[in-house]
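A closer look at the structure
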Amino acid sequence: QVQLVESGGGLVQPGGSLRLSCATSGFTFSRYAMRWYRQAPGKERELAAGITTTGEFTSYAVSVKGRFTISRDNAKNTVYLQMNSLKPEDTAVYYCNALFGVHDFWGQGTQVTVSS
């Protein structure tokens, strides 16, 4: 049974930091590119960050580049998103995604709220 379980979301003040985790099971994690998406209220889901299978290459949305860092630990089957210098516009539900060919798995999401 494939599972992706996000954690680490919460309420943080502007300028603060959070670290999201996505623990996975039920598939060969090291074969999958991993991504973090986010969806703000009333907006479409957008790709925030991605990482290749070995972690050699990463990519970021313009809106988060320089503030967010995606990483993975293939021994722990987990992907992370370190979020620094958070802004109110980062408020969204953050989703973990695993992609390998036609196989496309999603977590249930974790809420991040940036507010004073």
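As a starting point, this report considers the structure included with it. Predicted model, so just to flag it, every value in this text is computed and none were measured.

So, how was this worked out
- Residues numbered from 1 in each chain as written.
- Predicted model: local features only at pLDDT ≥ 70, side-chain atom pairs only at ≥ 80, totals over all residues.
- Heavy atoms only, no water.
- Helix = DSSP H or I, 4+ residues; strand = E, 2+ residues; numbered from the N terminus.
- Rg over C-alpha atoms; globule rule 2.2 N^0.38 Å.
- Buried < 20%, exposed > 50% of the residue type's maximum accessible area, 1.4 Å probe, protein only.
- Contact = heavy atoms within 4.5 Å.
- Areas by Shrake-Rupley, 256 points an atom, 1.4 Å probe, with all protein chains shown as cover.
- Lys, Arg positive; Asp, Glu negative; His and termini not counted.
- Charge placed at Lys NZ, Arg CZ, Asp CG, Glu CD.
- Salt bridge = Lys/Arg side-chain N within 4 Å of Asp/Glu carboxyl O.
- Polar contact = N/O pair within 3.5 Å; in protein donor to acceptor, adjacent residues only side chain to side chain.
- Disulfide = S-S within 2.5 Å.

A separate point is the overall build of the protein. Of the regular secondary structure elements, the protein holds zero helices and 11 strands. In the protein, the succession of α and β elements from N to C terminus is β-β-β-β-β-β-β-β-β-β-β. Taken over C-alpha atoms, the radius of gyration comes to 13 Å for the protein, in line with the 13 Å a tight globule of 116 residues would show. Projecting the C-alpha coordinates of the protein onto the three principal axes gives extents of approximately 40 × 25 × 25 Å. Burial status across the protein gives 40% buried among its 116 residues. Pairs at least 24 residues apart make up 53% of the contacts formed inside the protein by residues separated by at least 6 positions. For the protein, the exposed surface amounts to about 6200 Å²; the carbon and sulfur share of it is 49%. Here the protein holds 11 positive side-chain charges and 8 negative ones, and the gap between their average locations is 3 Å.

Now for the pattern of salt bridges. What the rule picks out here adds up to three salt bridges. Between Glu46 and Arg38 there is a salt bridge, with its nearest N and O atoms 2.6 Å apart. Judged by its relative accessible area of 5%, Arg38 falls in the buried class. Three or more residues are tied together by salt bridges with common partners; here these are Arg38, Glu46, Arg67 and Asp90.

Looking at the secondary structure, you find Thr78 in strand 8 (residues 78–83). At 2.8 Å, the side chain of Thr78 forms a polar contact with the backbone oxygen of Lys76. Every residue in contact with Thr78, bar those within four places of it in the chain, is listed here: Ser21, Cys22, Ala23, Phe29, Arg72 and Asp73.

All right, on to the state of the cysteines then. Tallied over the full model, the rule gives one disulfide. Each disulfide pairs two cysteine sulfurs, and for Cys22 the partner residue is Cys96, the sulfurs being separated by 2.1 Å. Its torsion about the S-S bond being -80°, the disulfide of Cys22 and Cys96 is classed as left-handed. Residue Cys22 is located in strand 3 (residues 18–25), and its partner Cys96 is located in strand 9 (residues 92–100); the two are separated by 74 residues in the primary sequence. Among the residues examined, Cys96 registers a relative accessible area of 0% and is labelled buried.

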